[in-house]
Amino acid sequence: MKKFAAVIGYGGMGGWHTQHLLKSDVFELAGIYDIKKERCELAEKNGIHAYASREELLADPRIELVTVATPNDVHEEIVVAALKAGKNVISEKPVTLSLDSLERMIAVAESCGKLFTVHQNRRFDVDYLAMKQIHDSGEIGEVINLESRIHGSRGIPSDWRGEKEHGGGMLYDWGIHLIDQALMVLGWDVDTVNCRFDHITNEEVDDGFQLDIRLKSGKRAYIEVGTYNFIAMPRFYMRAKKGTALITDWREETQVVKCKYWHESDVIPVETAAGLTKTMAPRDEVTTDTYRVARPASDVHDYYRNMYAAIDGKATQLVTHEQMRIDLKVIMKAFESVESGMTVKF
């Protein structure tokens, strides 16, 4: 039997959530609420019930799950109100703007005996899943480092995402996704963080960043988001002790070159623009295997299916409180690194 769900906030992601809930095989959309009257009117025009107030929505006894899709700075207030009203809650990323705020929300969830989690839909991206598959399989050996990039050329959207008071900036917006993906691949044992910001089209918040994460295991992640890149660099690049994996674009399959033999009896030097090099001589099919890995199957609505099962006590919520803490702490340490100009301990 389906459970009833509602969405607070009917903007871009709120609209995305409502569309998925309308087609859901586990939830039925009870309705939405937005503080902007015109958005409630739009929902009604689209055949979606709009509650007259947040209080009316939270008072509906049918609703078991509330998804919060509002600007970042008001997540805590809405989440706490929903939890205290007896609802299980999904918050849009980055969940909130400080670790203290996150701990307050977790404490309320635990005291109310309700589920509380963050929407990490990018765990269902097929490019990320391909990299995790290669890492976990061990087919190219122990991973040394992972590079993850998202590049665009249109700057920050002209809404609250460009305003500091609402938790704007690319570190909060895309960074939280890429951090979560990298740690899901490499592990959660963060040791140090170093970050630099771009301010090309926006001085108030970062419109791009370069983030280095070193794990206690010795593995490293480099994460980069740019909104003023007219030529994009590869989406993923992974180096391991027995090979390399590359995804040039999220729509492409993974390219893998696996080393079969390390030593060659006779490496022929190659001529470059201004001389010979033996060190950088290319590999051939004798010492390497080159192949592609098909894009994994993925269904983003499995996120909601997991929540359905978790509400019934038949599964653990996909994004745990501890993962939420670590993801957000990396964000906080990145801000600290930018302010100090130094690498900071986790």
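Residues numbered from 1 in each chain as written. Predicted model: local features only at pLDDT ≥ 70, side-chain atom pairs only at ≥ 80, totals over all residues. Heavy atoms only, no water.

J.: Lay out the pairing of strand 9 (residues 220-226) in plain terms, naming residues and giving numbers.
T.: Burial analysis of strand 9 places six of its seven residues in the buried class, the great majority of the element. Bridge count between strand 6 (residues 143-151) and strand 9: seven bridges; the pairing is parallel. Note on strand 9: the bridge partner recorded for Ile-150 is Val-225. Direction of pairing for strand 8 (residues 208-215) relative to strand 9: antiparallel, over a ladder of seven bridges. From the neighbouring strand, Phe-209 faces strand 9, where its bridge partner is Val-225. If you look at the hairpin formed by strand 8 and strand 9, you'll find four residues sitting between the two strands, and Gly-218 has a positive phi there, around 100 degrees. (Buried < 20%, exposed > 50% of the residue type's maximum accessible area, 1.4 Å probe, protein only. Helix = DSSP H or I, 4+ residues; strand = E, 2+ residues; numbered from the N terminus. Pairing = 2+ DSSP bridges.)

J.: Which residues make up helix 9 (residues 321-340), and what values go with them?
T.: Across its 20 residues, helix 9 extends 28 Å between first and last C-alpha, which sits within 8% of the 28 Å expected from 1.5 Å per residue. Inspection of helix 9 places His-321, Gln-323, Met-324, Ile-326, Asp-327, Leu-328, Val-330, Ile-331, Lys-333, Ala-334 and Ser-337 among the buried residues, and these make up the whole buried set. In the core, the buried residues of helix 9 are packed alongside helix 5 (99-112), strand 5 (116-119), helix 7 (170-186), strand 7 (190-198), strand 8 and strand 16 (344-345). Directly beyond the C-terminal end of helix 9, a positive phi value near 75 degrees is found at Gly-341. (Expected span 1.5 Å × (residues − 1). Contact = heavy atoms within 4.5 Å.)

J.: I'd like to hear about the packing of helix 7 against helix 9, residue by residue, with values.
T.: Between helix 7 and helix 9, the shortest axis-to-axis distance is 10 Å and the interhelical angle comes to 125 degrees. When the axes of helix 7 and helix 9 are compared, the pair comes out oblique. The crossing of helix 7 and helix 9 is right-handed. Of helix 9, the residues touching helix 7 (which contributes Leu-171, Tyr-172, Ile-176, Ile-179, Asp-180, Leu-183 and Met-184) are Gln-323, Ile-326, Asp-327, Leu-328, Val-330, Ile-331, Met-332, Ala-334 and Phe-335. Grouping the constituent residues of the contact of helix 7 with helix 9 by class yields 13 nonpolar, one polar and two charged. (Axes fitted to C-alpha atoms, helices over the stretch in contact; angles between N-to-C directions. Parallel < 35°, antiparallel > 145°, perpendicular 65-115°, else oblique. Left-handed = near helix turned anticlockwise from the far one by under 90°. Nonpolar A, V, L, I, M, F, W, Y, C, P; charged D, E, K, R; others polar.)

J.: Let's hear about the sheet that holds strand 11 (residues 243-247): which residues, and what values?
T.: Taken in spatial order, the nine strands make up an open sheet running 15-12-11-10-6-9-8-7-16, and their pairing is mixed. Each edge of the open sheet carries a strand with a single partner, namely strand 15 (288-293) and strand 16. For strand 6 and strand 10 (residues 236-240), the ladder comprises five bridges, and the chain directions are antiparallel. What sits directly across from Leu-146, in strand 10, is Met-238. Relative to strand 9, helix 7 is tilted by about 155 degrees, and along the sheet it contacts strand 6, strand 7, strand 8, strand 9 and strand 10. Contacting strand 7, strand 8 and strand 16, helix 9 crosses the sheet at an angle of about 55 degrees to strand 7.

J.: Explain the side chain of Asp-60 residue by residue, including any values.
T.: Position of Asp-60 among the secondary structure elements: in the loop between helix 3 (54-59) and strand 3 (63-68). Here Tyr-51 takes part through its side chain, which lies 2.6 Å from a polar atom of the side chain of Asp-60. Here Asp-60 is in contact with Tyr-51 and Lys-87, once residues within four sequence places are set aside. (Polar contact = N/O pair within 3.5 Å; in protein donor to acceptor, adjacent residues only side chain to side chain.)

J.: Got a sec to walk through the sheet that holds strand 2 (residues 27-33)? Specific residues and values, please.
T.: With parallel pairing, five strands are arranged side by side in an open sheet as 2-1-3-4-5. Each of the sheet's edge strands pairs with one partner strand only, and the pair in question is strand 2 and strand 5. Averaged over all pairs of adjacent strands, the angle between their axes in this sheet comes to 25 degrees, without regard to strand direction. With four bridges connecting them, strand 4 (residues 88-92) and strand 5 associate as parallel partners. Pairing of Val-89 across the sheet is with Phe-116, part of strand 5.

J.: So what's going on with the environment of Gln-181? Which residues, and what values?
T.: For Gln-181, the location among the structural elements is in helix 7. A relative accessible area of 1% means that Gln-181 is categorised as buried. Sequence separation between Gln-181 and Tyr-291 is 110 residues, and the spatial gap between their C-alpha atoms is 24 Å. The contact partners of Gln-181, leaving out residues within four places of it in the chain, are Arg-122, Asp-125, Tyr-128, Arg-235 and Phe-236.

J.: Pulling in residues and values, what's your account of the packing of aromatic side chains?
T.: In total, this model carries six aromatic pairs according to the counting rule given. Here Phe-27 and Tyr-308 contribute two aromatic rings whose centre-to-centre distance is 5.8 Å and whose plane-to-plane angle is 85 degrees, an arrangement assigned as edge-to-face. On the criterion of sequence distance, the pair formed by Phe-27 in strand 2 and Tyr-308 in helix 8 (residues 302-311) is long-range, its members being 281 residues apart. There is no split in this pair, since Phe-27 and Tyr-308 are both buried. On the basis of an interplanar angle of 85 degrees and a centroid distance of 5.9 Å, the ring pair of Tyr-303 and Tyr-304 is categorised as edge-to-face. (Phe/Tyr/Trp six-rings, centres within 6.5 Å; stacked < 30°, edge-to-face > 60°.)

Don't take any of this as a statement about function, it's just geometry.
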